[in-house]
Amino acid sequence: MQNPYLPYPVRIDKIITETEDKSLKTFKFVFIRPEDEEKFAYRAGQFAELSVPGMGEIPIGIASSPTEKGFVQFTVFKTGKVTSHLHAMREGEIMGIRGPLGHPYPWETLEGKNIVIIGGGFAFTTLRSSIVFMTDPANRSKFKDIHVIYGARSPGMLLYKDELKSWAERDDMHMHITVDGTDDPDWKYHKGFVPTITEKFAPPADADTYAIICGPPIMIKFTQPVLDNLGYSHDNIIMSLENRMKCGIGICGRCNIGKDLVCKDGPVFTLAQLNAMPKEY
Amino acid sequence: MKLIKIDKKSLKEGIDKLKRTYGVFGPVREKDEFEFKALGAAEMPDFSFSNTRMSPKAIVYPQTQLMFTYSLNDADDDCRILKEVPMDERPRAVIGIRPCDALAFPLVRRNFDTPEYQDTFWVKAYEATTFVGLACNVPCGTCFCTSAGTSPFGKEGLDVLLVEDGDDLFAEALTPKGEALLETAGWTAEAGGGAEEKITALAATANEQISSTVAFDNIKNREILELYNAPFWEEEGFSCINCGTCTYVCPTCWCFDIQDETYGKSGVRMRNWDTCMSPLFTLHASGHNPRTKKVERVRQRFMHKLKYYVDKYDNGIQCVGCGRCVRLCPVNIDIRSICNKMNNFDSEACKCETASS
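Worth saying up front: this structure is predicted, and the values here are computed from it rather than measured.

Q: What exactly am I supposed to notice about the overall build of chain A here?
A: If you tally the helices and strands in chain A, you get eight helices and 15 strands. For chain A, the C-alpha radius of gyration of 18 Å lies close to 19 Å, the compact-globule estimate for 281 residues. C-alpha extents for chain A along the principal axes are approximately 50 × 45 × 35 Å. Burial analysis of chain A (281 residues in total) assigns 61% to the buried set.

This is the structure in structure tokens:
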């Protein structure tokens, strides 16, 4: 019997400060035992528990893509006890990760479809995983049009800036990068909130077009009516939720929304599913 | 049905034999209450109890469970790598568990032992345990087991059922584990003719004494949001002080927290019973809380037990009718009346009432 609470030991291989306010850092982990990497086979949209002995565990979306080998990557916002400690850790230090956990985005359904990715702020991590996965040469032909709408408060608050630039230069996807505002005269992308940009640039709704949305509650609140106006079916709007978690495997009973546990039955739900659930998230 | 007869005078002899093989737990008097305890060499289970204050869930699922240890000393090779702790997997026997509390174990097993994940701590302890039940000849006034999946003489979840009859106990082995226990204790004398009839009569008398019931036959046909949005939650939750007593004494409440505790350069990761009555239970690191109001937490507890569980497992409610929460709630919140309210709730009728008033 395998103990599902025992993390795989990992070494922090690289730490990248992502945003100008230093509140977001990306951690690249390498498994200490190479065989653990195979056991940690994951798909875009899943999460893991980052485990810092002495501090505790935190559920964080996996930001690397299954097509990237040799490491797993997470981008962490400094906010509580464990994340603050993690932000003070250094490359080379040892900790643990436990997973992969939860359901990925529904890739079987998404294959052969138009995909619109809508993200805001630091909720762009599993979306990065999805973009890297879909644009991998082995996978790009499996998807039709890919749109990405991603916004942050300012240019300095965008995650994965180099990658955003390289995606914007690709001719096989539509990047719509936006910031709430900037004084930068050289800023060559959009200015405006995510819902406004979505209204202007999201492709028209049809049965073959799916939107994946991750962002702060305020962004979701104002983006949903935009998608409704565009005619998106609630079955075609896919969201990823967060709730306080401990076990991550559906046992500790903490993260439920109605009868569903965000950790095990989610974190990915369609809007149609969420409409039938209490708003306890 | 093979029935064994145990003379109460020889009970000690048998239990002493059991103690050589099993860690033996039983009800003992603690001040004004009874609790299940590991029995010392000289201790005997005290069958003069009605039921224990706390449920015996801690025998399989301790209130604090050591999960892992770790070192934070950089000189150690395994610094910052969690290590499993050897578990006590020796056989244990619970003597005198009531049928309601016994049913709670297969019930919570649906949570801890799933096709995807096995909670090793719970599963190993459960598998190591032999459950020896004691039928309730005289149930309490707050018991409602007969409508919650078992009865005073219920057998589900038990390996042996004991029935008290004056100076004797009748024992029925219900599983191979139970047979092995009776064998080990040397309880092998077959009860004579008439024992079965006696037990049937005692059971019928006990069943008749159960005066309160719950009904939940309509609950699974209701939409979650219909019950969630029912107007009675404000009223039901108004008096709650969120003390969490109901969750701690409940044999079927399984929620837990995981915490690390460091002493100098080493520490432990442990899990502790937790309670959905606490606002901290759902508080996000950001400060956002999906259940800020106490009425939302009261609703969560009852919706979990009486609706979410029903929908998820299609196997009754997450309650065995022991009545502890009814007896111990300081503000008299009563799961029986809430269950019946949920079962009788009809949002359409409710709308008409509001419209006409």
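Q: Help me out: how do you make sense of the domain arrangement of chain A in this one?
A: Note: interface size is frequently given as the accessible area lost on complex formation between the parts. All names here are of chain A. By domain assignment, chain A separates into domain 1 (8-101) and domain 2 (107-240). Relative to domain 2, the C-alpha centre of domain 1 lies at a distance of 24 Å. Taken together, the contact between domain 1 and domain 2 spans 22 residues of the former and 20 residues of the latter. Together domain 1 and domain 2 conceal approximately 1600 Å² of surface at their shared face, both sides included; 56% is due to carbon and sulfur atoms. Its largest share of buried area at the contact with domain 2, domain 1 owes to Glu18, Ala44 and Thr67, together 27% of the area lost on that side.

Q: Explain the sheet that holds strand S6 (residues 92-97) of chain B here, please?
A: To summarise the sheet geometry, strands pair through backbone hydrogen bonds and adopt either a parallel or an antiparallel arrangement. All names here are of chain B. One open sheet holds the seven strands; their spatial order is S1-S9-S8-S7-S6-S2-S3, and the pairing between them is mixed. What marks the edges here is a single partner per strand, and that holds for strand S1 (3-7) and strand S3 (33-38). With direction set aside, neighbouring strand axes in the sheet form an average angle of 25 degrees. In this sheet, strand S9 (residues 168-173) lies alongside strand S8 (residues 160-165) in antiparallel orientation, the contact comprising six bridges. Pairing of Leu161 across the sheet is with Glu172, part of S9. Helix H1 (residues 11-21) contacts S1, strand S2 (23-30), S6 and S9 of the sheet and is inclined by roughly 130 degrees relative to S2. Along the sheet, helix H5 (residues 195-209) contacts S1, S8 and S9; its crossing angle with S8, the most-contacted strand, is approximately 85 degrees.

Q: What's the story with the pattern of salt bridges in this structure? I'm lost.
A: A side chain of one charge can pair with a side chain of the opposite charge when the charged atoms of the two come close. Taken as a whole and judged by the stated rule, the model has 38 salt bridges over all chains. In this structure, Asp172(A) and Arg170(A) form a salt bridge, with 2.8 Å as the shortest nitrogen-oxygen distance. The class of Arg170(A) is partly exposed, set by a relative accessible area of 29%. The shortest N-O distance in the salt bridge between Asp165(B) and Lys198(B) comes to 3.2 Å. Of this pair, Asp165(B) sits in strand S8 while Lys198(B) sits in helix H5, and the two are 33 residues apart along the sequence. What makes Lys198(B) partly exposed here is its relative accessible area of 43%. It is possible to trace a salt-bridge network through shared partners that takes in Glu57(A), Arg98(A), Asp260(B) and Arg269(B).

Q: Could you clarify how one ought to interpret the domain arrangement of chain B in this entry?
A: Residues and elements named next belong to chain B. For chain B, the assigned domains are domain 1 (3-209) and domain 2 (219-356). The distance between the C-alpha centroids of domain 1 and domain 2 comes to 27 Å. Taken residue by residue, the interface counts 42 residues in domain 1 and 39 residues in domain 2. When the two sides are added together, the surface that domain 1 and domain 2 hide from each other amounts to roughly 3600 Å², 59% of it contributed by carbon and sulfur. Where domain 1 packs against domain 2, one counts two salt bridges. Where Asp101 meets Arg324, a salt bridge forms, and the shortest distance between an N and an O atom there is 2.8 Å. Run the count over domain 1 and domain 2 and you get 25 residue pairs in polar contact (both at pLDDT 80 or more). Elements with a minimum of two residues in the side of domain 1 that touches domain 2: strand S4 (64-71), helix H2 (99-112) and helix H3 (120-127). Here the element with the most residues in the side of domain 1 that touches domain 2 is H2; it accounts for nine residues. When its residues are assigned to classes, the side of domain 1 that touches domain 2 shows 24 nonpolar, 13 polar and five charged.

Q: Could you clarify how one ought to interpret the interface of chain B and chain A in this entry?
A: Each side of the interface is counted separately: chain B has 51 residues, and chain A has 46 residues. Its largest share of buried area at the contact with chain A, chain B owes to Arg80(B), Tyr117(B) and Phe256(B), together 15% of the area lost on that side. Put simply, chain B and chain A have six salt bridges between them. Joining chain B to chain A, the criterion identifies 25 residue pairs in polar contact (both at pLDDT 80 or more). When residues of the side of chain B that touches chain A are traced back to their parent elements, those giving at least two are S4, H2, H3, helix H6 (224-228), strand S10 (256-263), strand S11 (266-273) and helix H9 (294-313) of chain B.

Q: Mind showing me how you'd approach the side chain of Asn51(B) here?
A: All names here are of chain B. Tracing the backbone through its elements, the reader meets Asn51 in the loop between S3 and S4. On the basis of relative accessible area, Asn51 is assigned to the buried category, the value being 14%. Of the polar contacts made by the side chain of Asn51, one reaches the side chain of Asp101; its length is 3.2 Å. Those residues within four positions of Asn51 in sequence are excluded, and the remaining contacts are Phe34, Arg98, Cys100, Asp101 and Arg324.

Q: Where do I start with H9(B) in this structure?
A: Owing to its 3.6 residues per turn, the α-helix brings residues three or four apart onto one side. All names here are of chain B. With 20 residues, H9 extends 27 Å between its outermost C-alpha atoms, agreeing within 8% with the 28 Å of an ideal straight helix rising 1.5 Å per residue. Residue His304 marks the point of greatest curvature in H9, where the axis turns by about 50 degrees. In terms of burial, H9 is a largely internal element, 16 of the 20 residues being buried. Within two residues after H9, Asp314 carries a phi angle of roughly 45 degrees, on the positive side.

Q: Can you help me understand the sheet that holds strand S1 (residues 8-17) of chain A in this one?
A: Residue and element names in this part refer to chain A. The strand order across the open sheet formed by six strands is S4-S3-S6-S1-S2-S5, and the pairing between neighbours is antiparallel. Strands at the two margins of the open sheet, each flanked by one partner only, are strand S4 (56-61) and strand S5 (72-77). Across this sheet, the average inter-strand angle for adjacent strands is 40 degrees, counted without regard to direction.

Q: It is not clear to me how the packing of aromatic side chains should be interpreted in this structure. Could you clarify?
A: For any pair of aromatic rings, the description rests on two quantities: the centre-to-centre distance and the angle between the ring planes. This model, assessed by the stated rule, comprises 31 aromatic pairs over all chains. Each ring, one from Phe29(A) and one from Phe74(A), has its centre 5.7 Å from the other, and the planes form 55 degrees; the classification is tilted. With Phe29(A) in strand S2 (residues 24-31) and Phe74(A) in strand S5, this pair connects stretches of sequence that are 45 residues apart. Across the pair, exposure class does not vary: Phe29(A) and Phe74(A) are buried alike. Their ring planes at 75 degrees and their centres at 6.3 Å tell us that Phe68(B) and Phe121(B) sit as a pair that is edge-to-face. Taken as a pair, Phe68(B) in strand S4 and Phe121(B) in helix H3 lie far apart in primary sequence, 53 residues in all. For the residue pair Phe68(B) and Phe121(B), the accessibility class agrees, reading buried in each case. By the ring-pair criterion, three or more aromatic residues cluster together here, those being Tyr5(A), Tyr61(B), Phe68(B), Phe105(B), Phe112(B), Phe121(B), Trp122(B), Tyr126(B), Phe131(B), Tyr248(B), Phe256(B) and Trp273(B). The cationic tip of Arg98(B) hangs over the ring face of Phe49(B); the distance from NZ or CZ to the ring centre is 4.4 Å. For Arg271(B), the ring lying beneath its charged end belongs to Phe256(B), and the centroid distance is 4.4 Å.

Thresholds, definitions, all that
Residues numbered from 1 in each chain as written. Chains lettered and ligands numbered in written order. Predicted model: local features only at pLDDT ≥ 70, side-chain atom pairs only at ≥ 80, totals over all residues. Heavy atoms only, no water. Helix = DSSP H or I, 4+ residues; strand = E, 2+ residues; numbered from the N terminus. Rg over C-alpha atoms; globule rule 2.2 N^0.38 Å. Buried < 20%, exposed > 50% of the residue type's maximum accessible area, 1.4 Å probe, protein only. Domains from an automatic or database assignment. Contact = heavy atoms within 4.5 Å. Buried area = accessible area lost by both parts, 1.4 Å probe. Pairing = 2+ DSSP bridges. Axes fitted to C-alpha atoms, helices over the stretch in contact; angles between N-to-C directions. Salt bridge = Lys/Arg side-chain N within 4 Å of Asp/Glu carboxyl O. Polar contact = N/O pair within 3.5 Å; in protein donor to acceptor, adjacent residues only side chain to side chain. Nonpolar A, V, L, I, M, F, W, Y, C, P; charged D, E, K, R; others polar. Expected span 1.5 Å × (residues − 1). Bend = angle between axes of the 7 residues up to and from the residue. Phe/Tyr/Trp six-rings, centres within 6.5 Å; stacked < 30°, edge-to-face > 60°. Lys NZ or Arg CZ within 6 Å of the ring centre and 35° of its normal.

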